[in-house]
Amino acid sequence: MTEQEKQPTADRDRTHKETGDDQVSQQEVQDDGAQVSTDGTTAGVAEVAIPELVIISGMSGAGRSTAAKCLEDLGWFVVDNLPPALIPTMVELGARSQGNVARIAVVVDVRGRRFFDNLRESLADLESKHVTRRIVFLESSDDALVRRFESVRRPHPLQGDGRIVDGIDAERELLRELRGDADLVIDTSSLNVHELRAKMDAQFAGEEEPELRATVMSFGFKYGLPVDADLVADMRFLPNPHWIPELRPFNGLNEEVSAYVFNQPGAKEFLDRYAELLRLIAAGYRREGKRYVTIAIGCTGGKHRSVATAEKLAARLVAEGVETVVVHRDMGRE
């Protein structure tokens, strides 16, 4: 037995206090996050890095899991089907990780009114704490969703005793407000898994987050409006190169087709004024914290006028420092 152990308890306690053995040799962290030195004085407040947050939602069968997997491959910490009420807690835990969890992606599956109310409350909580959050919404047409559910022989989560389309209608109605709040809407109706991953990579793979990212999409009105478009321009006021025999086999990427389009009255003026309008809109988007915009440029078949205009407009945006992706949705469908 050591000499200290032979001392009476009271003496040992007194010796313990006098030698400072009851104090931690290193700095202690108080409940409020302040670090305390061994003499009990405040050494400073530890700086907390709040993680970046992306919320992935959208229609069942539209590709939420694929989008989440893509972010996971890019180094994000992904949580699938987390109850919305726990999202602020997850962000708080990430903040305590000392930078080990800098980016969090949460997949939420809205299936009821109370569930949606919880999500809205969580978003308000995050906003009050100045957490940078973005909402990615996966959309798809009814036809595409029905085909996907039928191909895997699974019912829609909300169809109950009804049909698949009944479940789709119910879910679309529940998600209507969330879709309106989304920073990025991706329509996966005509996308395969690889194309969806390419879209996610284009938006999230960069080392630094730009102020604004734009997708300029050409399309054909006869194939339907892009449901993920924020802005739509109609180029059908210009003559159609389709009716020029020597231009008909080509598309808007061809220099001769592009020259024909922009030699038409009003074409260059439209491009100038629309680019000026986009500068005004982009400034407003930045002020509102919107980081993504999809600009759809349409013509009849999505082959000539829309393609040529989309290319010219994208070049203007790139020249002004806007990171831009060009997608020709319907080129080659004819």
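Residues numbered from 1 in each chain as written. Predicted model: local features only at pLDDT ≥ 70, side-chain atom pairs only at ≥ 80, totals over all residues. Heavy atoms only, no water.

**Student:** Hey, could you go over the packing of aromatic side chains for me, with residue numbers and the actual values?
**Tutor:** With the rule as written, the count across this model stands at five aromatic pairs. With 5.3 Å between their ring centres and 10 degrees between their planes, phenylalanine 270 and tyrosine 274 make a pair best called stacked. Here phenylalanine 270 pairs with tyrosine 274, and both are found in helix α11 (residues 267–287), just four residues apart, close to one helical turn. One cation-aromatic arrangement involves lysine 312 over phenylalanine 262; the distance from NZ or CZ to the ring centre is 5.7 Å. (Phe/Tyr/Trp six-rings, centres within 6.5 Å; stacked < 30°, edge-to-face > 60°. Helix = DSSP H or I, 4+ residues; strand = E, 2+ residues; numbered from the N terminus. Lys NZ or Arg CZ within 6 Å of the ring centre and 35° of its normal.)

**Student:** Could you give me a rundown of helix α4 (residues 87–95), with the residues and numbers involved?
**Tutor:** Listed in full, the buried residues belonging to α4 are Ile87, Pro88, Met90, Val91, Gly94 and Ala95. Down the axis, α4 shows its buried residues gathered within 160 degrees of arc, on one side only. (Buried < 20%, exposed > 50% of the residue type's maximum accessible area, 1.4 Å probe, protein only. Arc of directions from axis to C-beta.)

**Student:** If you had to explain the sheet that holds strand β4 (residues 52–58) to someone new, which residues and values would you point to?
**Tutor:** Reading across the sheet, the five strands line up as β5-β6-β4-β7-β8 and stay open at both edges, with parallel pairing between neighbours. On the outer flanks of this sheet lie β5 (77–80) and β8 (184–187), each paired with one strand and no other. The average angle at which neighbouring strand axes cross in this sheet is 20 degrees, direction not considered. Note: strand β7 (residues 133–139) against β8, four bridges, orientation parallel. Bridge pairing links phenylalanine 137 to valine 185 in β8. Against the sheet, α4 makes contact with β4, β5 and β6 (103–107), and its axis sits at roughly 160 degrees relative to β6, the strand it touches most. (Pairing = 2+ DSSP bridges. Axes fitted to C-alpha atoms, helices over the stretch in contact; angles between N-to-C directions. Contact = heavy atoms within 4.5 Å.)

**Student:** Can you break down the environment of phenylalanine 137 residue by residue, with the values?
**Tutor:** By secondary structure assignment, the location of phenylalanine 137 is in strand β7. Separated by 42 residues in the primary sequence, phenylalanine 137 and arginine 179 have C-alpha atoms spaced 6.2 Å apart. Ignoring sequence-local partners within four residues, the contact set of phenylalanine 137 consists of Ser57, Gly58, Met59, Leu175, Arg179, Ala182, Leu184, Val185 and Ile186.

**Student:** Which residues make up the nonpolar core, and what are the values?
**Tutor:** Counting residues in hydrophobic clusters, the biggest one holds 46 residues, and the most contacted among them are Leu53, Ile87, Met200 and Phe204. Aside from chain neighbours lying at most four places away, what touches methionine 200 is Ala67, Cys70, Leu71, Val136, Ile186 and Ala205. Core analysis: the second largest hydrophobic core is formed by 28 residues, Val257, Phe270, Ala308 and Ala310 among them. (Core = buried A, V, L, I, M, F, W, Y, C linked by side-chain atoms within 4.5 Å.)

**Student:** How would you summarise the sheet that holds strand β10 (residues 231–234) if you had to cite specific residues and measurements?
**Tutor:** On the basis of which strands lie adjacent, the open sheet formed by four strands has the order β10-β11-β9-β12 and parallel pairing. Since the sheet does not close on itself, it has two edges, and those belong to β10 and β12 (323–328), each with one partner. The sheet shows a mean angle of 20 degrees between the axes of neighbouring strands, taken without regard to direction. With eight bridges connecting them, strand β9 (residues 213–220) and strand β11 (residues 292–299) associate as parallel partners. Each bridged residue has a counterpart across the sheet, and for phenylalanine 219 the counterpart in β11 is glycine 298. Sitting on the sheet, helix α9 (residues 193–204) is in contact with β9, β11 and β12, with an inclination near 145 degrees to β9.

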